[in-house]
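Working through the structure, step by step
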Amino acid sequence: MNLATSVLGDTAPAPAPAARRETARRITALDALRGFALCGILLVNINQITPMRQVGETFHWYPIARFLDLFVQERFFPIFSFLFGLSFAVFLDSAAQRSDHPRLLLVRRLIALGLLGAAHQLLQPGEALAPYAIIGLVVLLPATWLPTWLVLSGGLLGTVASVTLVSGGLVSIPGLFLLGLAVGRLGIAHTLDRRAGQLAAVLAVAAPAAAAAVWWQQTYPQIEPLATRIAAGAGLLGALAYATALLLLLRTPLGRPLSAVLEPLGRMALTNYLTATVAVTAASPLLGLRESARWGTAMLLTAGILTAQAVFSRWWLRRFRYGPLEWCLRCVTWWTVVPVTRPRAAAA
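For every chain, the first residue of the written sequence is number 1, and numbering continues from 1 along that sequence. Given that the model is predicted, a residue must reach a pLDDT of at least 70 before its local features are reported, and side-chain atom pairs must reach 80 or more before they are shown or counted; all residues, however, enter totals for whole chains, interfaces and linings. Side-chain calculation: all heavy atoms of the structure are included, whereas hydrogens and water are not.

1. Quick notes on the packing of aromatic side chains
Here the aromatic set is Phe, Tyr and Trp, taking the six-membered ring for Trp, and pairing holds for ring centres within 6.5 Å; pairs whose planes are under 30 degrees apart are stacked, those over 60 apart are edge-to-face, and all others are tilted. Inspection of the entire model under this criterion finds 15 aromatic pairs. When the centroid spacing of 6.5 Å and the interplanar angle of 75 degrees are considered together, the rings of Phe-36 and Tyr-242 count as edge-to-face. Residue Phe-36 is found in helix 1 (residues 20-49), and its partner Tyr-242 is found in helix 9 (residues 227-249); the two are separated by 206 residues along the sequence. Judged by its relative accessible area of 21%, Phe-36 is partly exposed. Categorising residues by exposure relies on relative accessible area from a 1.4 Å probe, with only protein chains included: less than 20% of the type maximum marks a residue as buried, more than 50% marks it as exposed, and the intermediate range marks it as partly exposed. The class for Tyr-242 is partly exposed, based on a relative accessible area of 24%. Going along the chain from the N terminus, every DSSP run of H or I of four or more residues is numbered as a helix, and every run of E of two or more is numbered as a strand.

Right, dumping it as structure tokens:
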């Protein structure tokens, strides 16, 4: 069975012999989307790990910082959150095929993620694993007993409310989780290869809406009360546009080289997410990033980390089935030592 792991859950479905080839393609697209989200999240996280100056002495934004604020901030976190909910649904279906207590497996997985997140907080306050684990236990797990229509309705209402009544961020996680769970249940991810027209239609609506929201975010005074809500709404629309654009781009001749880079990053997202924090924490004092305006240096550091991770992830996955931390998480989830090495013929 073709298995793929995410930062927060498996995206490998239960065995389905009649659809084995289609399943492999679908998982590749989701892994590439996850890897894409990971790249954007690191761009944002650098400023959280080692705070830098965003405005100069004349109170004007530094260009790179402003670009990140308008086109990266809050654009990739929603993708990650949505994929978490989707992977939750797929893993539950898969676990139900092999265990009499699939929800117990999910509880163990979430507790392990929460502990990893608690340790990660020491290096990066505001990291995602701990909130994901807590909200997963409080929201996602109970939602597995609810009908799909109710999960979908709750996800839509929660997501819209998170950017209209409040200012997104952690408050948007429950709604996005539920949306991902509903999409996973509805089997939409199983038929992505047959949804090019629908993806294009979504992109045709999301792209101009996202562009208009960015213009509003740019022109609206940041000291006004609606500024953070506008930014959150623009981020959500941008995430939708980015995700659908990438899924369509993966269907073009550029899809193969993009997948070659993004898919390994996505399959080892947990390992890459945590090791990136360690790398930035170690490099920041050497590069003098903290409280500086060396945004160009920070972007070069980000590019270097992602390049090294892409190369290492591709090398590792040729020899092993799962990334190092993904394997540890799987062992805790199943409470047994899971085989990790690939057969020699497959590795070659």
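Here the narrative resumes, following the displayed structure.
2. Things to note about the environment of Asn-272
With respect to the helices, strands and loops of the structure, Asn-272 is situated in helix 11 (residues 269-287). Taking relative accessible area as the criterion, Asn-272 reaches 2% and is therefore assigned buried. Separated by 52 residues in the primary sequence, Asn-272 and Pro-324 have C-alpha atoms spaced 9.8 Å apart. Contact criterion: two residues are considered in contact whenever any of their non-hydrogen atoms come within 4.5 Å of each other. Ignoring anything within four residues of it in the chain, the contact list for Asn-272 reads Leu-38, Pro-264, Leu-265, Gln-309 and Ser-313.

3. Some thoughts on the packing of helix 2 (residues 63-71) against helix 12 (residues 295-319)
What describes two packed helices is the angle between their axes and the distance between those same axes. Interaxial angle, 0 to 180 degrees, is taken between N-to-C directions of lines fitted to C-alpha atoms, where a helix line uses only the stretch in contact. Direction vectors running N to C along helix 2 and helix 12 enclose 55 degrees, while the axes themselves pass 8 Å from each other. On the basis of the axis angle, helix 2 is oblique to helix 12. Residues Ile-64, Ala-65 and Leu-68 of helix 2 form the contact with helix 12, whose own contacting residues are Trp-295, Gly-296 and Met-299. All residues other than Ala, Val, Leu, Ile, Met, Phe, Trp, Tyr, Cys, Pro, Asp, Glu, Lys and Arg, Gly among them, are scored as polar; the first ten of these are nonpolar and the last four charged. Residues that form the contact of helix 2 with helix 12 fall into these classes: five nonpolar, one polar and no charged. For classification purposes, angles smaller than 35 degrees are called roughly parallel, those larger than 145 roughly antiparallel, those between 65 and 115 roughly perpendicular, and all remaining angles oblique.

4. Some thoughts on the side chain of Thr-144
Along the chain, Thr-144 falls in the loop between helix 5 (129-143) and helix 6 (148-164). Under the relative-accessibility criterion, Thr-144 is labelled buried at 8%. Nitrogen and oxygen atoms within 3.5 Å of one another constitute a polar contact, given that in protein one can donate a hydrogen and the other can accept it, and given that sequence-neighbouring residues count only through two side-chain atoms. Polar contacts involving the side chain of Thr-144 include one to the side chain of Arg-103, which spans 2.8 Å.

5. A word on helix 13 (residues 324-334)
All buried positions along helix 13 are accounted for by Glu-326, Leu-329, Arg-330, Cys-331, Thr-333 and Trp-334. Structurally, helix 13 contributes buried residues whose contacts are with helix 3 (77-96), helix 4 (102-120), helix 10 (255-267) and helix 11. Within two residues after helix 13, Trp-335 carries a phi angle of roughly 55 degrees, on the positive side.

6. Description of the confidence of the model for the protein chain
Predicted coordinates in regions of low pLDDT should not be interpreted in detail. One confidence number per residue, pLDDT, is output by the predictor and ranges from 0 to 100. With 91% of its residues at a pLDDT of 70 or more, the protein chain has an overall mean of 89. Predicted confidence is poor over residues 11-26, with pLDDT under 50, and the contacts of this stretch with residues over four places away or in other chains come to 36 contacts.

7. Remarks on a nonpolar patch on the surface
Together, Ile-111, Leu-115, Ile-134, Leu-137 and Val-138 make up a nonpolar patch on the protein surface, roughly 480 Å² of accessible area in all. If you list the elements that add at least two residues to the nonpolar patch, you get helix 4 and helix 5. By secondary structure assignment, the location of Ile-111 is in helix 4. Only residues above 30% relative accessible area that lack a salt bridge enter a patch, with like-charged residues linked at up to 9 Å and the nonpolar side chains Val, Leu, Ile, Met, Phe, Trp and Tyr linked at up to 5 Å. Accessibility throughout is a Shrake-Rupley quantity obtained with a 1.4 Å probe, and a residue counts as covered only by protein chains that appear here. Whenever Lys or Arg places a side-chain nitrogen within 4 Å of a carboxyl oxygen from Asp or Glu, that contact is recorded as a salt bridge.

8. What to know about the pattern of salt bridges
Evaluated as defined, the whole model comprises two salt bridges. For Arg-34, the salt bridge is made with Asp-31, and the minimal N-O distance between the two is 2.8 Å. Of this pair, Arg-34 and Asp-31 both sit in helix 1, three residues apart, which is roughly one turn of that helix. One exposure class covers both Arg-34 and Asp-31, and it is buried. The partner of Arg-66 in a salt bridge is Asp-69, with the nearest N and O atoms 2.7 Å apart. Here Arg-66 and its partner Asp-69 are both found in helix 2, three residues apart, which amounts to about one turn of the helix.

9. Things to note about the packing of helix 8 (residues 196-219) against helix 9
Closest axis-to-axis distance for the helix 8/helix 9 pair is 8 Å, and the angle between their directions is 145 degrees. Helix-helix and strand crossings are classified by hand; for helix 8 and helix 9 the assignment is left-handed. Among the residues forming the contact of helix 8 with helix 9, the class breakdown is 21 nonpolar, three polar and no charged. Rotating anticlockwise by less than a right angle from the far helix to the near helix defines a left-handed crossing, while the corresponding clockwise rotation defines a right-handed one.

10. Considering the environment of Ala-245
Relative to the helices and strands, Ala-245 is located in helix 9. Residues Ala-245 and Ala-207, 38 residues apart in the sequence, show an inter-C-alpha distance of 8.9 Å.

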